[in-house]
Amino acid sequence: MTSTLSPPGPVGAATGRRRAVTAAMCACVLVAQSLVASMNLAIPKIAASGLHPTPAQLLWIVDTYVLVFAGLLIPAGALGDFPHP
């Protein structure tokens, strides 16, 4: 009896590349998550600032900062890939 099973999944460089991409994406998520944690720790200091924001304004400040940072994370990574002269 002969088996006609093909080898499971890609092998070699393709597997290494997938792992590298997965590791890079995990690192991006970790950076964004740590940013959110640091912003949440900074809320009391922001609230005590001279502007005296309301709780709703504090929420907008934190959310806007995180969204802008997350939105610039991928373009900043792409800029880092450009060759240097």
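As shown above, the structure is provided for reference.
The shown structure was predicted, so the numbers you read here are calculated from the model rather than taken from an experiment. (Residues numbered from 1 in each chain as written. Predicted model: local features only at pLDDT ≥ 70, side-chain atom pairs only at ≥ 80, totals over all residues. Heavy atoms only, no water.)

Student: What's the story with the overall build of the protein in this structure? I'm lost.
Tutor: Helix and strand counts for the protein come out as 2 helices and 0 strands. In the protein, which comprises 85 residues, the share counted as buried stands at 7%. Taken as a whole, the protein presents about 7200 Å² of accessible surface, with 73% of it coming from carbon and sulfur. (Helix = DSSP H or I, 4+ residues; strand = E, 2+ residues; numbered from the N terminus. Buried < 20%, exposed > 50% of the residue type's maximum accessible area, 1.4 Å probe, protein only. Areas by Shrake-Rupley, 256 points an atom, 1.4 Å probe, with all protein chains shown as cover.)

Student: So what exactly am I meant to see when it comes to unusual backbone geometry here?
Tutor: Leaving glycine out, the prevailing phi sign among residues is negative, and the prevailing peptide bond configuration is trans. One non-glycine residue, His52, adopts positive backbone phi at about 50°. Summarising the element assignment, His52 is placed in the loop between helix 1 (13-47) and helix 2 (55-80).

Student: What is the right way to look at the packing of helix 1 against helix 2 in this model?
Tutor: If you want to describe how two helices pack, look at the angle between their axes and the distance between the axes. Two elements in contact, helix 1 and helix 2, have axes whose closest approach is 10 Å; the angle formed by their N-to-C orientations is 155°. Classified by the angle their axes make, helix 1 and helix 2 are roughly antiparallel. In this structure, the crossing between helix 1 and helix 2 has a hand that is right-handed. Across from Cys28, Val31, Ala32, Leu35, Val36, Met39, Asn40, Ile43, Ile46 and Ala47 in helix 1, the residues of helix 2 making contact are Leu58, Ile61, Val62, Tyr65, Val66, Phe69 and Leu73. (Axes fitted to C-alpha atoms, helices over the stretch in contact; angles between N-to-C directions. Parallel < 35°, antiparallel > 145°, perpendicular 65-115°, else oblique. Left-handed = near helix turned anticlockwise from the far one by under 90°. Contact = heavy atoms within 4.5 Å.)

Student: Mind showing me how you'd approach helix 1 here?
Tutor: For helix 1, with 35 residues, the first-to-last C-alpha span of 51 Å sits near the 51 Å given by 1.5 Å per residue. A maximum bend of about 35° is found in helix 1 at Leu41, where proline Pro44 lies one to four positions downstream. (Expected span 1.5 Å × (residues − 1). Bend = angle between axes of the 7 residues up to and from the residue.)

Student: What exactly am I supposed to notice about helix 2 here?
Tutor: For helix 2, built from 26 residues, the straight-helix expectation of 38 Å at 1.5 Å per residue is met to within 8% by its first-to-last C-alpha distance of 37 Å. At Leu73, helix 2 is bent by approximately 35°, the largest bend along its length, and proline Pro75 sits one to four residues beyond. Listed as buried for helix 2 are Leu58, Val62 and Val66.

Student: Would you mind showing me how to read the environment of Ile46 here?
Tutor: Within the secondary structure layout, Ile46 lies in helix 1. Separated by 12 residues in the primary sequence, Ile46 and Leu58 place their C-alpha atoms 7.7 Å from one another.

Student: Got a minute to help me understand the environment of Pro55 in this structure?
Tutor: Of note, Pro55 is situated in helix 2. Among the residues examined, Pro55 registers a relative accessible area of 68% and is labelled exposed. Expressed as a C-alpha distance, the spacing of Pro55 and Ile43, which sit 12 residues apart in the sequence, is 9.7 Å.

Student: Explanation requested: the state of the cysteines in the structure shown.
Tutor: Should the sulfur atoms of two cysteines be covalently bonded, the bond is a disulfide. Counted under the stated rule, the structure contains 0 disulfides. Cysteine Cys26 is unpaired, with the sulfur of Cys28 as its nearest cysteine sulfur at 9.3 Å. (Disulfide = S-S within 2.5 Å.)

Everything listed is a geometric property; what it means functionally is a separate question.
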